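Structure at a glance
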Amino acid sequence: MTPQDITKLIVRTSMRDREAFDLLYRNTSAKLFGVCLRVLGDRAEAEEALQEVFVKIWTKADRFAVSDLSPISWLVAVARNHAVDRVRGRKHKTTDIDAALDVADPSPTPEAMVVAGGQREQVYVCLDELEADRAAAVRGAYLDGDSYLDLAARHNVPLNTMRTWLRRSLMKLRECLER
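This text gives an overview of the structure that appears in the document. (Residues numbered from 1 in each chain as written. Predicted model: local features only at pLDDT ≥ 70, side-chain atom pairs only at ≥ 80, totals over all residues. Heavy atoms only, no water.)

This part takes up the state of the cysteines. Under the defined criterion, the tally for this structure stands at 1 disulfide. Bridging Cys126 to Cys176, the disulfide has an S-S length of 1.9 Å. The sign of the -80° torsion about the S-S bond sets the Cys126-Cys176 disulfide as left-handed. Here Cys126, found in helix 5 (residues 110–129), pairs with Cys176, found in helix 8 (residues 159–178); they are 50 residues apart in sequence, far enough to count as distant. Summarising the burial analysis for this pair, Cys126 and Cys176 share the class buried. (Disulfide = S-S within 2.5 Å. Helix = DSSP H or I, 4+ residues; strand = E, 2+ residues; numbered from the N terminus. Buried < 20%, exposed > 50% of the residue type's maximum accessible area, 1.4 Å probe, protein only.)

Put into structure tokens, the structure is as follows:
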């Protein structure tokens, strides 16, 4: 079948000519199936995509612009774009990495293990050297398992401020414990 014949079939399909659509399908489906299969990599999914491609061709044949260009290029572009859309659609949505910051670890933290390991009094003495709100934040984060977000809300400060408080407080605790 020549490009001109395919062009005529597409034009007739745009006028809802079922016989032309049937001929178009019989003459181009193998090539378009190959395109779908190459992109999707799964025969069953490629067969399903091919059906959807021909539905698109049936509904959008009037968008085909008759020119000197190959009509099979237009058909291949419709098939390829549809297959690529299916690949994009099946990718799993990822969760935001910041959501992981709010997950409390149920295992004892190093600070909790120190408290349990006999240096409890030393840690409490060092915690008492911190400002009251900083000490409460450290206790909440590392002894009670509160999330940074919860602590920031409780102390009415921005999240990054809470992170800074905790980091600086841990540095002060380490200095105190090393004395």
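There is more to say, and it comes next.
Next up on the list: the side chain of Thr13. Secondary-structure assignment places Thr13 in helix 1 (residues 3–14). With relative accessibility at 0%, the residue Thr13 sits in the buried group. With sequence-adjacent residues up to four places away left out, Thr13 is seen in contact with Ala20, Phe21, Leu24, Ile57, Trp58 and Ala61. (Contact = heavy atoms within 4.5 Å.)

Turning next to helix 2 (residues 18–40). Taking 1.5 Å as the rise per residue, helix 2 with 23 residues should run 33 Å; its terminal C-alpha atoms sit only 28 Å apart, a clear shortfall. Looking at the buried side of helix 2, the elements it contacts are helix 1, helix 3 (43–60) and helix 4 (71–90). A distance of 3.0 Å separates the backbone nitrogen of Glu19 from a side-chain oxygen at the start of helix 2, and that oxygen is part of Asp17. In the segment just after helix 2, Gly41 is the residue with positive phi, at about 75°. (Expected span 1.5 Å × (residues − 1). Polar contact = N/O pair within 3.5 Å; in protein donor to acceptor, adjacent residues only side chain to side chain.)

Bringing the nonpolar core into the picture now. Formed by 25 residues in total, the largest nonpolar core has its most connected members in Ile10, Leu24, Leu32, Cys36, Val53, Ile57 and Leu75. When residues of this core are traced back to their parent elements, those giving at least two are helix 1, helix 2, helix 3 and helix 4. Among the elements that take part in this core, helix 2 stands out by supplying 8 residues, more than any other. (Core = buried A, V, L, I, M, F, W, Y, C linked by side-chain atoms within 4.5 Å.)

A few words on the packing of helix 2 against helix 4. It is at 9 Å that the axes of helix 2 and helix 4 come closest, and there the two elements cross at 35°. Helix-helix and strand crossings are classified by hand; for helix 2 and helix 4 the assignment is right-handed. Seen from helix 2, the contacting residues are Leu24, Thr28, Lys31, Leu32, Val35, Cys36, Val39 and Leu40; seen from helix 4, they are Ile72, Leu75, Val76, Ala79, Arg80, Ala83, Val84, Arg86, Val87 and Arg90. In the contact of helix 2 with helix 4, the residues fall into 13 nonpolar, 1 polar and 4 charged. (Axes fitted to C-alpha atoms, helices over the stretch in contact; angles between N-to-C directions. Left-handed = near helix turned anticlockwise from the far one by under 90°. Nonpolar A, V, L, I, M, F, W, Y, C, P; charged D, E, K, R; others polar.)

Right, let's get into helix 1. Between the first and last C-alpha of helix 1 there are 17 Å, a value that for 12 residues agrees with the 16 Å anticipated at 1.5 Å per step. For helix 1, every residue scored as buried is listed here: Ile6, Thr7, Leu9, Ile10 and Thr13. The buried residues of helix 1 occupy one face: seen down the axis, they fall within an arc of 160°. Along helix 1, exposed side chains directed more than 90 degrees from the buried face belong to Gln4 and Lys8. Turning to helix 1, the residues buried within the fold contact helix 2, helix 3 and helix 4. Positive backbone phi, approximately 65°, marks Arg16, located one or two places after helix 1. (Arc of directions from axis to C-beta.)

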